[in-house]
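# Structural overview
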Amino acid sequence: MSVPLLDVSLSTDVSTNDVFALCKRVGLEVSEEFAEACRPVIGALDGCAKVIMARDDHFPGPDEIGYPRKDIQTDIDNSLDGGGWATKVRASGGLLMLTCTKVNVKSTQPESNLLQGRTLALKDNIALAGVRCTNGTDLSGWVPDFDATVVKRILDCGGTILGKAACESGCWSTVSDTSITGPVRNPYHDEFSCGGSSSGSARLVACRSVDMALGGDQGGSIRVPASACGIVGLKPTWGLVPYTGILGVSAVIDHVGPMARTVADCALLLEAIAGPDGIDDRQPHINWFRSVPYADEVRQHSTTADPRPLAGVKIGVLEEGFQHPRQDDLVARVVRQSIDKFEELGAEVRTCHVPEHRDTELAWMCTLPAFAFTQGLVLNSGGRKQFAMSGPAALGNGGLSQSTFDVLNTAGQNLYLRGCFLQEKYGAALVSRCTNLMRKLSDDYDVAFRQFDVLVMPTTPLPPCRIFKSRSEGSTSERLKRTTGITANTAPFNASGHPALSIPVGFSPALEDPSVRLPVGLQLVGRKFEDALLLKVAASWENRYDWKAQ
């Protein structure tokens, strides 16, 4: 590698003593000759950095001609729709309005009417230009000046965005009482969780405040709330939907996907948002990437008169998915009864074993903090060829101050400390080992998919728990204990990248109060980029059986 510039005339005050101090901070001893030789290089580097930081950023800003907007203000009503909203707006190929004022956003040249007449909510980690993005935290100083790719695609398809849905603090929690906007209440009982972290998205869909919503999923954050609220939620194949303009945890596990009351609507929204955008570096930057008409394929499959629409489909019952120590017997019974019905639909149903699935929690315990520490917590997107959101990065500035740490929820604080511990004690070696073990997990699932088309298991091992009334209620231990095991069946497929979908299949009593009945979800998992088949299998069950009557 060459040194491109040694012109110290650029404004800098780096001295030899500064070089010595830098080396000491990172545990190095260098000679005076070495320090003096490095001084002009580091001085020039400092000058270059100052010039770069003074330059205008480059980002995919909103098309002011195609989507004109003005007069944006934010007002949050914590009690609105059971805590489901973070910001109420109206945005479509027509008009955008906030709770208190109005904003004009109109698609002057919509490309299709795929979502015409459909209303949507965005999880509050998705950028909508001019509207504050809280990410569920007190760090609410970020107002994006660009739209996420999925936002533009929704508007171009004629969809109407009604607002930003509440999400759990930092997208870290699977229980819906950690968001800065307040607790999000289960639509079947106000005292219980909606799941998380896409809690508001699930609540708003379940209560018919919107037709569909976008959620984010790094360990189950679409599927867990979908299960808790009795709706359909799809974590698409990793890389199928662009994540551009969305706050994430780690690129290797980040997913954005549809949440709706029906499988058909999930397919409709997936069709609108799927495909490469030329920015997300996890997607092929090619023009011939085949667009899949998910909605039409599911519609055609669902309209068949065949009483056995799943004839020829092989479904594997993943037994390890029922073996978590916290697996609730009644949840397992509801799920197994729902699985039996696939035989009535013509599918071949057999037991399946992937031993690595049962042991994934050990690797995931290390993988999540190891991967998320850099990108999700200290907001460093280095090493990626993508759109880097410099606004949030400036707020975090590569680390967490005491004040920043204090406003994180318990799960976020715990994750940060775990990340610090692993980085200090094990470093890159652990990250490398986690990466390889996650690939082994993916390979093991692929072996199972040589025999089966779809794998099935409970979405979560237990029903939603009771929520606290405020973020200050409950000890750290109490808050952490209740989340144990919730993502045992969902997180492995974030690591592997396989598409995974939750559909409601019945009810189960709440653990804290057996008189309260809460939804139970069945998770279906498919081969990578066979999201359409997964949707068809789920639609066949949904079309034949009323989950509320099970």
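Located above this text is the structure these notes cover.
Rules used throughout
Residues numbered from 1 in each chain as written. Predicted model: local features only at pLDDT ≥ 70, side-chain atom pairs only at ≥ 80, totals over all residues. Heavy atoms only, no water. Helix = DSSP H or I, 4+ residues; strand = E, 2+ residues; numbered from the N terminus. Buried < 20%, exposed > 50% of the residue type's maximum accessible area, 1.4 Å probe, protein only. Areas by Shrake-Rupley, 256 points an atom, 1.4 Å probe, with all protein chains shown as cover. Axes fitted to C-alpha atoms, helices over the stretch in contact; angles between N-to-C directions. Parallel < 35°, antiparallel > 145°, perpendicular 65-115°, else oblique. Contact = heavy atoms within 4.5 Å. Nonpolar A, V, L, I, M, F, W, Y, C, P; charged D, E, K, R; others polar. Salt bridge = Lys/Arg side-chain N within 4 Å of Asp/Glu carboxyl O. Pairing = 2+ DSSP bridges. Expected span 1.5 Å × (residues − 1). Polar contact = N/O pair within 3.5 Å; in protein donor to acceptor, adjacent residues only side chain to side chain. Core = buried A, V, L, I, M, F, W, Y, C linked by side-chain atoms within 4.5 Å. Phe/Tyr/Trp six-rings, centres within 6.5 Å; stacked < 30°, edge-to-face > 60°. Lys NZ or Arg CZ within 6 Å of the ring centre and 35° of its normal.

Time to look at the overall build of the chain. Scanning the chain from N- to C-terminus turns up 16 helices and 15 strands. With 550 residues in all, the chain has 54% of them scored as buried. Here the chain displays about 23600 Å² of accessible surface, and carbon together with sulfur accounts for 52% of that area.

This part is about the packing of helix α8 (residues 329-344) against helix α16 (residues 531-544). Two elements in contact, α8 and α16, have axes whose closest approach is 10 Å; the angle formed by their N-to-C orientations is 95°. Of the possible angle classes, the one that applies to α8 and α16 is roughly perpendicular. Contact with α8, carried on its side by Ser338, Lys341, Phe342 and Glu344, involves Val537, Trp541 and Arg544 of α16 and no other residues of that element. When the residues that make up the contact of α8 with α16 are grouped by side-chain class, the tally is 3 nonpolar, 1 polar and 3 charged.

Now for the packing of helix α6 (residues 263-273) against α16. Between α6 and α16, the least distance of the axes is 9 Å, while the angle of their chain directions is 160°. If you check the angle between α6 and α16, you find them roughly antiparallel. Between α6 and α16, the contacting residues are Val263, Ala264, Cys266, Ala267 and Leu270 on the first element and Asp531, Leu535, Ala538, Ala539 and Glu542 on the second.

In a structure, side chains of opposite charge can pair up when their charged atoms sit close to one another. Under the defined criterion, the tally for this structure stands at 19 salt bridges. With a closest N to O distance of 2.9 Å, Lys440 and Asp444 form a salt bridge. With Lys440 and Asp444 both in helix α13 (residues 428-448) and 4 residues apart, the pair spans about one turn of that helix. Lys440 sits in the partly exposed class, given a relative accessible area of 36%. The network of salt bridges with common partners includes Asp177, Arg479 and Arg482.

The buried fraction of strand β4 (residues 119-123) amounts to 5 of the 5 residues, a majority that puts the element mostly inside the structure. The alternating pattern of β4 places Thr119, Ala121 and Lys123 and Leu120 and Leu122 on opposite faces, both of which are buried. Examined bridge by bridge, β4 and strand β5 (residues 160-165) share 5 bridges and lie parallel to one another. Bridging from a neighbouring strand, Thr119 pairs with Thr160 of β5.

For Gly61, the location among the structural elements is in the loop between α2 (32-54) and β1 (85-91). You can call Gly61 partly exposed: its relative accessible area is 36%. Each C-alpha atom of the pair Gly61 and Ala148 lies 9.3 Å from the other, and the pair is 87 residues apart in sequence. Gly61 has contacts with Asp145 and Phe146, leaving out every residue within four places of it along the chain.

In terms of residue burial, helix α3 (residues 149-156) counts as a mostly covered element, since 7 of its 8 residues are buried. Taken as a whole, α3 has its buried residues at Thr149, Val150, Val151, Arg153, Ile154, Leu155 and Asp156. Just downstream of α3 lies Gly158, where phi reads positive at about 85°.

Taking 1.5 Å per residue, 14 residues should reach 20 Å; α16 reaches 20 Å between its end C-alpha atoms and fits that length. Those residues of α16 that fall on the buried side of the exposure criterion are Asp531, Ala532, Leu534, Leu535, Val537, Ala538, Ala539, Ser540 and Trp541.

All right, on to the side chain of Asp217 then. Secondary-structure assignment places Asp217 in strand β8 (residues 212-217). Asp217 sits in the buried class, given a relative accessible area of 0%. A distance of 3.4 Å separates a polar side-chain atom of Asp217 from the backbone nitrogen of Gly219. Setting aside anything within four residues of it in sequence, one finds Asp217 in contact with Ile222, Arg223, Lys235, Ile253, Asp254, His255 and Asn494.

Turning our eyes to something else, we now look at the side chain of His357. Of note, His357 is situated in helix α9 (residues 355-377). Here Tyr445 takes part through its side chain, which lies 2.6 Å from a polar atom of the side chain of His357. Among residues more than four places away in sequence, those in contact with His357 are Leu318, Glu320, Gly321, Leu441, Tyr445, Met457, Ala488, Asn489, Pro492 and Phe493.

Bringing the nonpolar core into the picture now. Residues Phe342, Ile503, Leu524 and Leu535 are the most contacted members of the largest nonpolar core, which totals 67 residues. Setting aside residues no more than four positions away along its own chain, Ile503 makes contact with Ile231, Val232, Val263, Val520, Gly521, Leu522, Leu524, Ala538 and Trp541.

Turning next to the pairing of strand β7 (residues 189-193). Pairing between strand β6 (residues 185-186) and β7: 2 bridges, direction antiparallel. Bridging across to β7, Arg185 finds its partner in Ser193.

Relative to the helices and strands, Phe20 resides in helix α1 (residues 16-25). Judged by its relative accessible area of 29%, Phe20 falls in the partly exposed class. Spatially, the C-alpha atoms of Phe20 and Glu32 are 8.2 Å apart, while their sequence positions differ by 12 residues. If sequence neighbours within four positions are ignored, Phe20 has contacts with Val30, Ser31, Glu32 and Ala35.

With that settled, the discussion passes to the packing of aromatic side chains. Under the criterion given, the structure shown has 7 aromatic pairs. Ring centres of Tyr188 and Phe507 lie 5.6 Å apart, and the angle between their planes is 70°; on these two criteria the pair is classed as edge-to-face. Here the residue Tyr188 occupies a position in the loop between β6 and β7, and Phe507 occupies one in strand β14 (residues 500-509), the gap between them amounting to 319 residues. Using a relative accessible area of 12% as the deciding quantity, one classes Phe507 as buried. The interplanar angle of 70° and the centroid separation of 6.4 Å between the aromatic rings of Phe421 and Tyr426 together place this pair among those described as edge-to-face. By relative accessible area, Phe421 is classed as partly exposed at 47%. Here a set of aromatic residues connected by ring pairs shows up, and it is made of Tyr188, Phe507 and Trp547. Directly above the aromatic system of Phe322 lies the positively charged group of Arg336, at a separation of 3.8 Å from the ring centroid.

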